[in-house]
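Summary of the model geometry
Letter by letter, the chains look like this.
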Amino acid sequence: MISRRDFLQVGMAASAVVGASGFGNWARLAAQQALTQDQLLEFDTFGNVSLIHVTDIHAQLKPIYFREPSENIGVGDNRGAVPHVTGAQFRKLYGIADGSPSHYALSSGDFSSLAKGYGRVGGLDRVATVIKAIRADRPDAILLDGGDTWHGSYTCYKTDGQDMVNVMNALSPDAMTFHWEFTLGSDRVTEIVEDLPFAALGQNIFDVEWDEPTELFPPYKMFERGGTRIAVIGQAFPYMPIANPGWMFPEFAFGIRDENMQAMVDEVRAEGAECVVVLSHNGFDVDKKMATVVSGIDVILSGHTHDALPEPVLSGKTIIVPSGSNGKFVSRVDLDIRNGQLMGYRHKLIPVFSDVIEPDAEVAALIDEQRAPYTAELSEVIGKTDSLLYRRGNFNGTWDDLICDALLSERDAEIALSPGVRWGPSLIPGQEITREDIFNVTSMTYGKAYRTEMTGEFLKVVLEDVADNIFNPDPYYQQGGDMVRTGGLGYRIDIAQPQGSRISNMTLLKTGETIDPSRSYVVAGWASVNEGTEGPQIWDVVENHIRKLGTVTTRPSNSVEVIGA
Amino acid sequence: MEMTRRKLLAFGSGTFVLATLSSLPAFATLTDDAIAELTGGADMGEGAITLTAPEIAENGNTVPIAFDAPGAAEVTLFADGNPVPNVATFKFGPLSASRGASTRIRLATTQNVVAIAKMEDGSFQMAKANVKVTIGGCGG
């Protein structure tokens, strides 16, 4: 008998022979098995309190494609643990059928083909429909936004985040925490936060001068719901002034501050909280560790590292709920809180299939209103892609390869560096590339493309430093994000080594020569955290490059050799 | 204006001063020597002193450090990667209500901050925190 797995392997081999990617027909057939809105929203209401979690939307108002990573290496105690399991192994772990909606939403593999079958994901008008449906079941559900909301698109950049503020306010969140929001600059963040109709939380947002909590960002908010008291404590991204330009928000200090987190948990318990929820932008592994260091947290709603898992992970006595990114998922967590404690929970990670979930008319109109002044600029077609363009993964993605190529050719450099951020939707083969698409993967308030010289020795220092921010075995030293992307430069990385010993075999790809530590190389890059960086905006560099190419075709990159994983 | 490490590494400017960011602190033995001198080689306990330091410094030039050491008569702070590791000694009299302090120190590179408390009974307690000083620049 031929099993489905065998069938897929046969399909893969056959399609490889004719040069097509994946097994397209089969995916379309699977997708056609009716997926309905009712199915996606189906939930047996449970207990007395509901939490709704969205996070890392990165200003994606409209539906997009988003490929989950095929490479997400775990280190130390998290080696081989979720979310560091990808592709077929991930599906095996959770019993997800190949070609199923969950395969497409949660894992990599055969992405382009499945994307054609299942269509786009996200869109805040669809997210609104999901939220309203949950509120129909539980009118006093608590909606929590994990941050990275006011960053990541053309309209968000042009309006200094106002488009996202307007649309999110229409969803009536109860609280929010922060990361990229601060790259709008402290004046703008302060201006928006002062007028927010909901709580802006961060127990780890401190005044830099006095090293004390700020008034603008209280540590927590207490909610009276379902006959009980629930405290929501905010945890902003701990490494903001290190991973992003600190000079843009010099008044604020961050850090993990788990001793203050413990103090806040104790304080809300003393004030009668029967359930403690942390709305976190720590990143998954940091949350997992924090749950073992700080006692008394019931639920961590986890953001920053963009992971999406079909069920919560238990760390100590805390459940951790990661809810993906880019508007692709909404988490619903129902809690049964009685006699001063959490008695049980029910959870669903709801994938927002844009073609299945009906857009909410009111929010759809509001989104159109935000975009209307920019329609012509947004929709201008710059080129086309024959290949899948994606970013997520620990090392190079095809979008980053294209950006690095643009830097090498447009800035006449030998080596290109591109930041290992995790935001940026995907494009599938055959799609046109619009200006909006380019902004979706490059938009930021410090996007100038520098051109400079670096010695071989300094390049190694840069690679070692960034690698340790990702692969340090202690999660508290990890900043999230992925490895800096390189163009024109190949190297070997041994994940298991300490800082200073991970990177070897650095090669200038153009000539095949080994990088000389004492020679200077012309390097182009973008997203420098230093004040006063000069150069054209990265989106203009990429746009010029794509215009010249006309049609983009990418090849698999093998410039990074990974060992010790 | 002070020249910070961050500015030395300024990606936007033309040249770079090479910093040995990733090498092990060369001054760790100085700290060991200083600690041995302080304690006279006595055994050190752990747990009675709490040292609070950031895991990663936001600015190596001014890193907030705090300690709380109930029952301490004297607490000495060391930064084992600095050319001069001895940072400060805090002395507490019998009438001191709290035996803690907070200050800011400059860290040249990734290193350990070490606090040694001499307790009122003459015994010694130690706490250590590794503080990373990094280039940064790639957030999710």
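Just so it is clear, the structure is predicted and the values come from calculations on it, not from any experiment. (Residues numbered from 1 in each chain as written. Chains lettered and ligands numbered in written order. Predicted model: local features only at pLDDT ≥ 70, side-chain atom pairs only at ≥ 80, totals over all residues.)

Residue and element names in this part refer to chain A. Here the domain parsing of chain A yields domain 1 (48–61 + 122–369) and domain 2 (380–563). Between the C-alpha centres of domain 1 and domain 2 there is a distance of 30 Å. Taken together, the contact pairs 26 residues of domain 1 with 19 residues of domain 2. Listed by contribution, the elements that provide at least two residues to the side of domain 1 that touches domain 2 are α8 (154–158), α11 (240–243) and α13 (284–293). Per-element tally for the side of domain 1 that touches domain 2: the top contributor is α13, with 4 residues. When the residues that make up the side of domain 1 that touches domain 2 are grouped by side-chain class, the tally is 11 nonpolar, 12 polar and 3 charged. (Domains from an automatic or database assignment. Contact = placed C-beta atoms within 7 Å. Helix = DSSP H or I, 4+ residues; strand = E, 2+ residues; numbered from the N terminus. Nonpolar A, V, L, I, M, F, W, Y, C, P; charged D, E, K, R; others polar.)

Turning our attention to unusual backbone geometry. Residues and elements named next belong to chain A. With an omega of 5°, the peptide bond running from V82 to P83 counts as cis. Within the secondary structure layout, P83 lies in the loop between β1 (49–54) and α4 (87–94). Positive phi, close to 50°, is recorded for D412, a residue that is not glycine. With respect to the element layout, D412 can be found in the loop between α16 (398–410) and β17 (415–418). The backbone of N505 sits at a positive phi, close to 50°, despite the residue not being glycine. Its location among the elements puts N505 in strand β22 (residues 503–508).

This part takes up helix α6 (residues 111–118) of chain A. Residue and element names in this part refer to chain A. Along α6, 6 of the 8 residues are buried, which leaves the element largely enclosed by surrounding structure. Within the sequence span of α6, burial applies to F111, S112, S113, L114, A115 and Y118. Among the residues trailing α6, G119 stands out with phi positive, at a value near 80°. (Buried ≥ 20, exposed ≤ 12 C-beta atoms within 10 Å, placed from the backbone.)

Before going further, it helps to spend a moment on the environment of A:L114. By the secondary structure assignment, A:L114 is in helix α6. By the C-beta count within 10 Å, which is 30 here, A:L114 ends up buried.

All names here are of chain A. Where helix α17 (residues 435–442) contacts helix α19 (residues 538–549), the two axes come as close as 10 Å, and the packing angle between them is 135°. Comparing the axis directions of α17 and α19 gives the class oblique. Once α17 is placed against α19, the crossing between them reads as right-handed. Contacts from R435, I438, F439 and T442 in α17 reach I538, W539, V542 and E543 in α19. The residue makeup of the contact of α17 with α19, split by class, is 5 nonpolar, 1 polar and 2 charged. (Axes fitted to C-alpha atoms, helices over the stretch in contact; angles between N-to-C directions. Parallel < 35°, antiparallel > 145°, perpendicular 65-115°, else oblique. Left-handed = near helix turned anticlockwise from the far one by under 90°.)

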